[in-house]
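Each chain, letter by letter, is given below.
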Amino acid sequence: MAIVLLTSVHTMAQKTLVTATKGKFLIGVAVNAQQVNGVNPIETELIVKEFSAIVAENCMKPQTIHPEENKYNWNDADKFVAFGEKNKQIVTGHCLIWHSQIGRWFFIDADGKDVTPEVLKERMRQHITAVVGRYKGRVKGWDVINEVFEDDGTYRDSKFYQILGKDYVKFAFQFAHEADPNAELYYNDYNVEKPAKCDAIVELVKGLRAEGYRIDAVGSQAHMHMNSPTFDETETSLKKIKAAGVKVLITEWDISILPSPYEGANISVNFKYSKEMDPYREGVPDSIQQKWNKRMLDMFGLFLKYNEVVDRVTIWGLTDNTTWLNNFPIRGRKDYPMLFDRNNQRKPVVDEMIKMSKI
Ligand code: 9MR
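Residues numbered from 1 in each chain as written. Predicted model: local features only at pLDDT ≥ 70, side-chain atom pairs only at ≥ 80, totals over all residues. Heavy atoms only, no water.

### Brief notes about unusual backbone geometry
The step from S228 to P229 runs through a cis peptide bond, and the omega angle for that step is -5 degrees. Note on placement: P229 falls in the loop between strand 7 (223-224) and helix 11 (231-243). Note the cis peptide between F328 and P329, where omega equals 0 degrees. Residue placement: P329 occurs in the loop between strand 9 (310-315) and helix 13 (348-357). Located in the positive-phi region is E147, a residue other than glycine, with phi close to 60 degrees. By the element assignment, E147 lies in the loop between strand 4 (141-146) and helix 8 (159-164). With a relative accessible area of 4%, E147 lands in the buried category. (Helix = DSSP H or I, 4+ residues; strand = E, 2+ residues; numbered from the N terminus. Buried < 20%, exposed > 50% of the residue type's maximum accessible area, 1.4 Å probe, protein only.)

### Some thoughts on the side chain of T16
Structurally, the position occupied by T16 is in the loop between helix 1 (2-14) and helix 2 (17-20). Setting aside its immediate chain neighbours within four residues, T16 contacts K49, E50, R346 and I354. (Contact = heavy atoms within 4.5 Å.)

### Section: the site of the ligand
Taken together, 15 residues lie around the ligand, and E57, K61, H94, E252 and W316 are the ones closest in. With respect to the ligand, the side chain of K61 contributes an N or O atom lying 2.8 Å from an oxygen atom. The side chain of W316 places a nitrogen or oxygen atom 2.8 Å from an oxygen atom of the ligand. Look at the ligand: alone it shows 460 Å² of surface, and the protein chains cover 86% of it. For the shell around the ligand, the class distribution of residues is five nonpolar, six polar and four charged. (Near = heavy atom within 4 Å. Polar contact = N/O pair within 3.5 Å; in protein donor to acceptor, adjacent residues only side chain to side chain. Areas by Shrake-Rupley, 256 points an atom, 1.4 Å probe, with all protein chains shown as cover. Nonpolar A, V, L, I, M, F, W, Y, C, P; charged D, E, K, R; others polar.)

### So, the packing of helix 11 against helix 12 (residues 286-305)
Taken N-terminus to C-terminus, the directions of helix 11 and helix 12 make an angle of 20 degrees; their axes are 11 Å apart at the nearest point. Compared by their axis directions, helix 11 and helix 12 come out roughly parallel. Along this stretch, helix 11 crosses helix 12, giving a crossing that reads as right-handed. On helix 12, the residues that touch F231, T234, E235 and L238 of helix 11 are D298, M299, L302, F303 and K305. Grouping the amino acids of the contact of helix 11 with helix 12 by side-chain chemistry returns five nonpolar, one polar and three charged. (Axes fitted to C-alpha atoms, helices over the stretch in contact; angles between N-to-C directions. Parallel < 35°, antiparallel > 145°, perpendicular 65-115°, else oblique. Left-handed = near helix turned anticlockwise from the far one by under 90°.)

### Focus: the packing of aromatic side chains
Between two aromatic rings, the relevant description is the distance of the centres plus the angle of the planes. Applying the stated criterion across every chain yields a total of 18 aromatic pairs. Ring centres of F107 and F160 lie 4.9 Å apart, and the angle between their planes is 80 degrees; on these two criteria the pair is classed as edge-to-face. Here F160 lies in helix 8 and F107 lies in the loop between strand 3 (90-98) and helix 7 (117-134), a separation of 53 residues in the sequence. Of the residues examined, F160 reaches a relative accessible area of 1% and is grouped as buried. When the centroid spacing of 6.4 Å and the interplanar angle of 35 degrees are considered together, the rings of Y262 and F271 count as tilted. Relative accessible area serves as the criterion here: at 32%, F271 is assigned to the partly exposed category. What links up through ring pairs into an aromatic cluster is the set W105, F106, F107, F160 and Y168. Over the aromatic face of Y190 sits the side chain of K197, whose NZ or CZ is 3.9 Å from the ring centroid. Sitting over the face of the ring of W292, K347 holds its NZ or CZ atom 4.7 Å from the ring centroid. (Phe/Tyr/Trp six-rings, centres within 6.5 Å; stacked < 30°, edge-to-face > 60°. Lys NZ or Arg CZ within 6 Å of the ring centre and 35° of its normal.)

Here's what the structure looks like:
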């Protein structure tokens, strides 16, 4: 009897979201450079055991991987891709073209003036060809372009847009496809739940597809707060993307438990620290924790409901220790948005998510 009991406890401990959601969607995690380098073996074990897909939190971004015109830093990105292969995880590349985290050199000539459209297009081609080409056949899909639109659906006034106009988006998809014709290609953005932004993305996707460009999915970053986006806004965005004929990827999911002065993920935004905005330094009160759990489960239930079109749900980080939200949009706070706590323990909400997944 005692043995049977032990076995069943052991089996229960083995259940993961990966197995529970099998056939529905992939469960991914963003891994940071320390994790890629295996600095903390407990974190490594969790990444391998609890997730079926990985994405690089930072090491493939233009500024990191291509800091100067003829200089590439492949070190961490190579390790990241090898890590996924070794552990039989699906590897996503993030991100090829983004207005942020990109060396200034990309847009200027030797005199510091904006380059011509031809030069910028050629730099995009070289960058994308080098990065996608290096991992050809090993990366399942790429966040080709990140954050093109403002929340009101207008084009972001980025250097790419200023120099090349809207066409920079097409160029990015074209070059990525040429570099690895078998790779999936994604459009990625935050606040996809905002109606005007979602509509703009859907229009873009339809236009690209009508012109014969490959685009497989819209990545909805899904950086969420306790009260926004609403459940209905989120569901509507999933429906709209589905209707556009592409898959949805939940690419950077987290729900901040802290009060926020800002809705969005534009990392140049920063607010001053105050104690009132950092209320849970000593721990999260039970009532708030329950509210967060419910919100996680509501959203996860929605992803499950749309699993026919949702291909992957990726959490933007592993533990509450390592989440970017401890420093955004206010530096030095204590947030609790991840599936694992500061002691690397799996939160009870994961068991609830596992139960929901089997229905
Ligand atoms: O989580 C990332 C953080 O560690 C970096 O400092 C930051 C700038 O590179 O980017 C964060 O990740 C962003 C992602 O690449 C794109 N969407 C918004 C994410 C959160 O800012």
